Every structure is written in C-alpha cells, then in structure tokens.
Amino acid sequence: MKVLGRSFFWVLFPVLPWAVQAVEHEEVAQRVIKLHRGRGVAATQSRQWVRDSCRKLSGLLRQKNAVLNKLKNAIGAVEKDVGLSDEEKLFQVHTFEIFQKELNESENSVFQAIYGLQRALQGDYRDVVNMKESSRQRLEALREAAIKEETEYMELLAAEKHQVEALKNMQHQNQSLSMLDEILEDVRKAADRLEEEIEEHAFDDNKSVKGVNFEAVLRVEEEEANSKQNITKREVEDDLGLSMLIDSQNNQYILTKPRDSTIPRADHHFIKDIVTIGMLSLPCGWLCTAIGLPTMFGYIICGVLLGPSGLNSIKSIVQVETLGEFGVFFTLFLVGLEFSPEKLRKVWKISLQGPCYMTLLMIAFGLLWGHLLRIKPTQSVFISTCLSLSSTPLVSRFLMGSARGDKEGDVDYSTVLLGMLVTQDVQLGLFMAVMPTLIQAGASASSSIVVEVLRILVLVGQILFSLAAVFLLCLVIKKYLIGPYYRKLHMESKGNKEILILGISAFIFLMLTVTELLDVSMELGCFLAGALISSQGPVVTEIATSIEPIRDFLAIVFFASIGLHVFPTFVAYELTVLVFLTLSVVVMKFLLAALVLSLILPRSSQYIKWIVSAGLAQVSEFSFVLGSRARRAGVISREVYLLILSVTTLSLLLAPVLWRAAISRCVPRPERRSSL
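Quick notes on the rules
Residues numbered from 1 in each chain as written. Predicted model: local features only at pLDDT ≥ 70, side-chain atom pairs only at ≥ 80, totals over all residues. Heavy atoms only, no water. Helix = DSSP H or I, 4+ residues; strand = E, 2+ residues; numbered from the N terminus. Buried < 20%, exposed > 50% of the residue type's maximum accessible area, 1.4 Å probe, protein only. Pairing = 2+ DSSP bridges. Core = buried A, V, L, I, M, F, W, Y, C linked by side-chain atoms within 4.5 Å. Contact = heavy atoms within 4.5 Å. Disulfide = S-S within 2.5 Å.

K.L.:
Talk me through the environment of Phe553; I want residue IDs and the actual numbers.
P.N.:
If you trace the backbone, Phe553 turns up in helix H20 (residues 540–563). Classification of Phe553 by relative accessible area gives partly exposed; the value is 41%. Phe553 sits 229 residues away from Gly324 along the chain, and the two C-alpha atoms are 9.2 Å apart.

K.L.:
Tell me about the sheet that holds strand E3 (residues 252–253), and please be specific about residues and values.
P.N.:
One open sheet holds the three strands; their spatial order is E1-E2-E3, and the pairing between them is antiparallel. Either end of the sheet is taken by a strand with one partner, and the two such strands are strand E1 (217–220) and E3. Relative to strand E2 (residues 244–247), E1 runs antiparallel, the two being bridged by four bridges. Across the sheet, Val217 pairs through a bridge with Asp247, a residue of E2.

K.L.:
Summarise the nonpolar core; cite the residues concerned and give the values.
P.N.:
Grouped together as the largest cluster of nonpolar side chains are 98 residues, with contacts concentrated most on Phe333, Phe382, Ile504 and Ile543. A total of twelve residues in this core trace back to one element, the largest contributor, which is H20. Leave out the neighbours within four places in its chain, and Ile504 touches Phe333, Leu489, Ile533, Ile543 and Ile547. In this structure, Leu68, Ile75, Leu84 and Leu103 belong to the second largest nonpolar core, which totals ten residues.

K.L.:
Could you give an account of the pairing of E2, with specific residues and numbers?
P.N.:
By the bridge criterion, two bridges tie E2 to E3 in an arrangement that is antiparallel. Paired with Leu245 across the strands is Tyr253, a residue of E3.

K.L.:
I'd love a proper account of the state of the cysteines, names of residues and values included.
P.N.:
When the sulfur atoms of two cysteines share a covalent bond, that bond is a disulfide. Under the defined criterion, the tally for this structure stands at zero disulfides. Free cysteine: Cys284, not disulfide-bonded; nearest cysteine sulfur from Cys302 at 5.2 Å. Overall, the relative accessible area of 9% leaves Cys284 in the buried class.

Structure follows, in structure tokens:
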C-alpha cells in the first residue's frame with residue numbers, strides 16, 4: 001500500500017496545473033464569444049489568442065504523455081515489488097490502467113469534438129437529412145462515451161471495495177478474532193465466492209454483440225405521500241433494482257432477472273394489477289349478467305376501465321397479457337376434452353375444407369376491393385387474412401355446456417364449429433410463420449417476386465410437414481403412452497388433487513411445447529392434449545372439474561387484457577365509419593361461411609350452416625397480435641391498425657347477439673342450453 005501511495009503522489013503531481021487552468025476556462029469562453037461577434041478585438045489579438053490556446057492545448061497533451069510515462073514506470077515498480085502478493089499487484093496495476101484509460105478517453109473526446117465541429121461547419125443547415133445524420137453520429141458518440149464511463153465507474157467501485165476489504169484484512173491480522181467473528185468471516189468469503197459464481201456478466205457479454213444498440217433511459221422511482229417513507233423505499237428499490245426504466249420511445253421496462261439472485265424479489269406492480277383486475281371484474285361481471293350479456297364482456301369492460309383509455313392504472317400490461325394467454329391454453333384444453341376423436345373423424349373433411357375456402361374467398365374479395373381502392377396487394381392480403389380468422393376462446397365459451405342433442409347420423413354443429421376453429425388456429429400459426437417472408441415480398445422489387453413466392457411455398461411445405469409430424473406423434477401417444485400415463489397419474493392422485501392438476505398441466509405444457517418447436521401454433525397443442533385425454537373415456541368429468549376453476553380465473557385475465565386495447569374515444573370519434581365497416585365484415589363472413597357450408601355439408605345437416613356461420617361471423621382477438629407485428633414492420637399504417645382493433649372489438653360485441661338469433665331460429669326449444 002505504501003508503494004501505491006508514493007506512486008499516486010508522483011502521478012498526480014504533474015496534473016496539479018490542470019486545476020489552476022480550470023479557473024481560466026470561463027475567461028476563455030468569453031474570449032471565444034467576443035471573437036465570434038467581432039467586438040473590440042483586433043486581428044493581432046485574435047491571432048495571439050489562437051496561438052496561446054494552441055500552446056495551452058499542446059502543453060496539456062505533453063503533460064498527459066508525461067503522466068502516462070510515470071504510470072508505466074509505476075506499473076513496472078509494482079510488478080517488481082516482491083513484498084506484494086499477486087492479488088495486490090493485480091489490483092494496483094488495474095488501478096493504474098483505469099487512470100491511463102481516463103487520460104486517453106479525455107484526449108479522444110477533445111479531438112472528437114473538433115471533428116464534430118468541422119463536420120457541422122461543412123454541412124448545409126438547410127438540409128434536414130444532413131443535420132439528422134450529424135445528430136445521429138453525435139448521439140452514437142455520446143452513447144459509446146456513456147458506456148465507457150459507466151464501465152470505468154463500475155471498475156472504480158470494484159477497486160474501492162477491494163481497498164476497503166484489504167484494510168479490513170489488515171485490521172483482522174493485527175487483532176485476535178473471537179470464534180463467532182471467525183465463523184462470520186468464513187461465511188463472508190463463501191458468500192463472495194457464491195456471488196462470483198452465479199453472477200452473469202450480461203452487460204459486458206452483450207454490449208459488443210451485433211445488433212445491440214445503446215440507448216438513454218430514465219429510471220423512475222415511485223413517489224410516496226410520506227417523505228420519510230419515500231426515502232426509505234427509494235433506498236430499498238435502488239438496492240433491489242425494482243424501479244422502472246423508460247427509453248426515448250416511451251417504452252417502459254421492469255426488472256426480469258436481478259444481478260444478485262440470492263435475494264428474493266417480487267414485482268409489486270404486477271401484483272397490484274392482478275388484484276385490481278380481480279376486484280373490478282366482479283361488479284362488471286354482475287352488471288353484464290343482470291342485463292343479459294355474457295360475463296366475459298364485463299371482464300373486457302374491466303380492462304377498458306383500467307387500461308390506457310381509462311384510469312391507466314395497469315403498469316405491467318405485457319405481464320398481464322402473458323398471464324392471460326394461459327387462459328386461452330386451458331380453455332382450448334377443455335374444448336379438446338369434449339371433442340372426442342370419433343367426432344373429429346366424422347367431420348375432418350368439413351373442418352379442413354371450410355376454413356381454407358373461406359380464407360381464399362376473403363383474400364379474393366380483399367384483393368378486389370384493394371384494387372378498386374388502390375391498396376397494395378400485400379396490405380390487402382394481410383387485412384383479409386386477419387379478418388378471416390374467428391375467435392376460438394369466444395366460441396368455446398358459447399359452446400361450453402351446450403346440448404349435444406342432434407339426431408343419429410347428423411353432424412353436430414358444435415363439432416363442426418370447433419373443428420373449423422381449430423383449423424383456423426393452424427392457419428394462424430402458418431400465417432405468422434409466413435408473415436416475415438410476406439413482408440419482404442412486399443418490400444422487394446418486382447423482379448424478385450417469383451423468388452419470394454417460391455420461398456413462401458417452401459415455408460408452407462415445412463408447416464405441412466410439421467403438422468403431419470404432430471398428428472403422427474399424437475397417434476403414437478394415444479396408442480402407447482396416454483393410457484399408462486393417466487392410470488399412473490390417477491393412482492398417485494387418490495386423495496391428492498394437486499397431483500392430478502399438476503400432471504394434466506404438465507401434459508398440456510408438453511404438447512404446446514412440441515407444437516411450438518415444430519412451428520405450429522401452441523393453441524393447437526393445447527387442443528390436442530384435451531382430445532388425447534378424452535380418449536380415456538369416463539375420466540373427462542373428473543379432469544374438467546379440477547381444471548375449470550383455473551381456466552375461469554385465467555380467462556378473466558385474458559378478456560381483461562383484450563379490454564386494454566379497446567379505445568372508446570377513438571370509437572366515438574369514428575363511430576359511423578366503424579359501425580359500417582364492422583357490419584360489412586360480419587355480414588360478409590356470415591354469407592361466405594353459409595355459402596361454403598352449403599357446398600360441403602351433407603344434405604341432412606344443411607340446417608346447421610346458419611349456426612356455424614353465426615359462430616364464425618366475428619374477428620379473432622389474435623388480429624391484435626398480427627396487427628401489431630404488421631405495424632412495426634411497416635406493412636400497415638397506424639390508422640389501419642386502429643381500424644382493425646376497433647372492428648375486431650365491435651365484432652366480438654356483436655357476436656353474442658348473432659349467436660342467440662341463430663340458436664333461437666335453428667335449434668329446437670328443448671335443446672337450447674348454452675353457457676350464455
């Protein structure tokens with residue numbers, strides 16, 4: 001440590017004139033202003049000032065080189081000092097290197113500023129593009145400088161920590177420790193080793209990765225009414241890293257993985273959001289029940305009230321939407337649980353042909369209207385495909401607990417409807433996989449359209465191959481695995497329902513993981529999981545009773561997350577246009593579905609085409625996801641995106657009315673039992 005102190009004294013001695021020269025900075029700035037304005041300064045004085053300034057800069061650079069030489073000599077002296085341990089040598093050398101880096105970075109900053117001034121003077125102030133490019137380059141330089149300064153600051157903190165611990169070790173060596181102190185010292189060393197082992201250097205590992213951008217962010221702490229509590233909470237959140245970050249694009253971020261994994265943490269924003277949704281969903285659901293609407297619309301209203309267009313009290317929107325996706329998973333599992341393979345074999349042709357014909361007809365109409373309205377073909381195909389999809393969770397709620405009273409030999413409308421919806425879910429996964437290529441095709445030149453079409457066809461072939469692999473896997477699971485698995489699960493879960501729930505949930509997650517890995521929609525995996533378990537016969541009731549409470553709570557979160565994307569003010573401003581567009585889409589889907597079903601349904605089952613058409617005459621909530629991706633990619637504009645969101649929401653609100661009308665006219669009165 002003595003060597004370190006002597007070295008620092010000789011290192012800092014040449015730098016002392018810098019402190020004296022800092023007093024002259026204000027005077028230099030005033031002289032620059034006078035030179036620029038030309039007030040009372042002769043040409044000779046101007047040239048003299050320039051020479052003096054250049055002389056001062058040259059003197060600073062010489063002093064910097066002299067300090068670097070002294071630092072180099074100090075490093076050599078430390079390395080030759082036999083009285084220091086290897087660890088202490090490494091620490092002192094690292095400290096000198098930090099100071100060397102600070103001097104070099106300061107010099108680079110001076111010349112970067114001169115280069116920036118030169119570039120700005122050579123530019124045209126009337127050229128916005130040139131000014132934008134200059135501003136971008138300055139911003140990049142500032143970001144890099146900030147990263148370097150942050151790295152240097154963290155290194156100085158580590159050096160300070162090392163120095164404090166070195167002093168503690170010297171004090172411990174000079175005094176005798178008790179047994180408790182020795183135990184605590186061993187624990188401290190073990191804790192330090194543990195932190196070093198589990199710490200991930202994510203920042204250092206990723207800052208040089210291709211595609212990583214440096215951005216300025218704001219760190220925001222919550223304000224409390226009590227200032228004393230506020231300070232305490234800020235100190236705690238500063239240590240735990242639970243504050244919110246906001247970037248220049250107004251995106252908000254929360255902590256996902258802390259640096260210190262030994263301390264448990266909880267996202268209190270997310271907890272408050274879920275609690276608030278749970279409390280407000282009850283009165284909203286009661287209100288909809290009282291006026292004869294499905295309870296899920298009460299949950300959507302709850303999301304509207306709490307979302308950006310209402311009280312704006314939901315902070316963790318992405319986390320709420322992610323949790324709501326599990327509501328879709330369990331809903332489709334229960335749908336598959338009631339969808340036996342025997343029924344699937346009976347209607348598989350109708351379920352496969354119907355959605356494909358409807359999608360092709362919707363795209364054809366979209367291209368026709370797009371040609372008349374001079375819309376790009378890529379946008380027309382995208383909008384038509386979005387509008388051709390229907391909401392599986394919504395229709396599943398319509399059918400939950402409905403009657404199965406069709407005559408022997410007839411086709412059950414619920415089976416046909418669910419089969420077509422499952423096919424649409426497969427189409428959704430296919431379209432999401434093809435979407436990047438479709439975007440590139442829209443942005444490419446006309447000479448490469450053939451190549452892009454071939455790429456799309458190859459991708460479609462891959463998806464079809466994945467579907468074949470999924471169904472082959474389902475046949476293997478049904479024949480060899482699902483029976484022994486459920487019998488073992490049923491045996492272990494006697495008197496312990498949590499084993500049954502955990503086993504079923506694990507099977508659902510396994511199937512959705514398999515379909516996701518094969519580039520097919522996860523929703524299809526959940527549906528197939530229910531269909532496979534339904535092949536076990538009388539176990540359906542027991543499993544449904546156990547899973548339904550979980551499904552109901554997660555479905556509340558899902559429908560509330562839909563309400564977060566409903567904007568009543570926008571709907572009110574453009575109500576006439578939106579009502580016209582929504583009615584046009586609903587009527588078109590209803591008529592196209594009725595036309596297709598009249599061609600593919602057996603003659604004895606023609607009466608169910610009106611019910612199935614009514615179930616398909618709305619737009620899927622997944623158009624939110626597709627629309628957001630297309631907007632980010634530049635396929636559609638902000639205005640078209642808001643129109644898609646509004647039309648989707650209004651069509652979902654009209655769906656129960658159309659469904660009830662179809663049921664009342666086409667289903668005999670004793671068989672009308674629905675979850676509505």
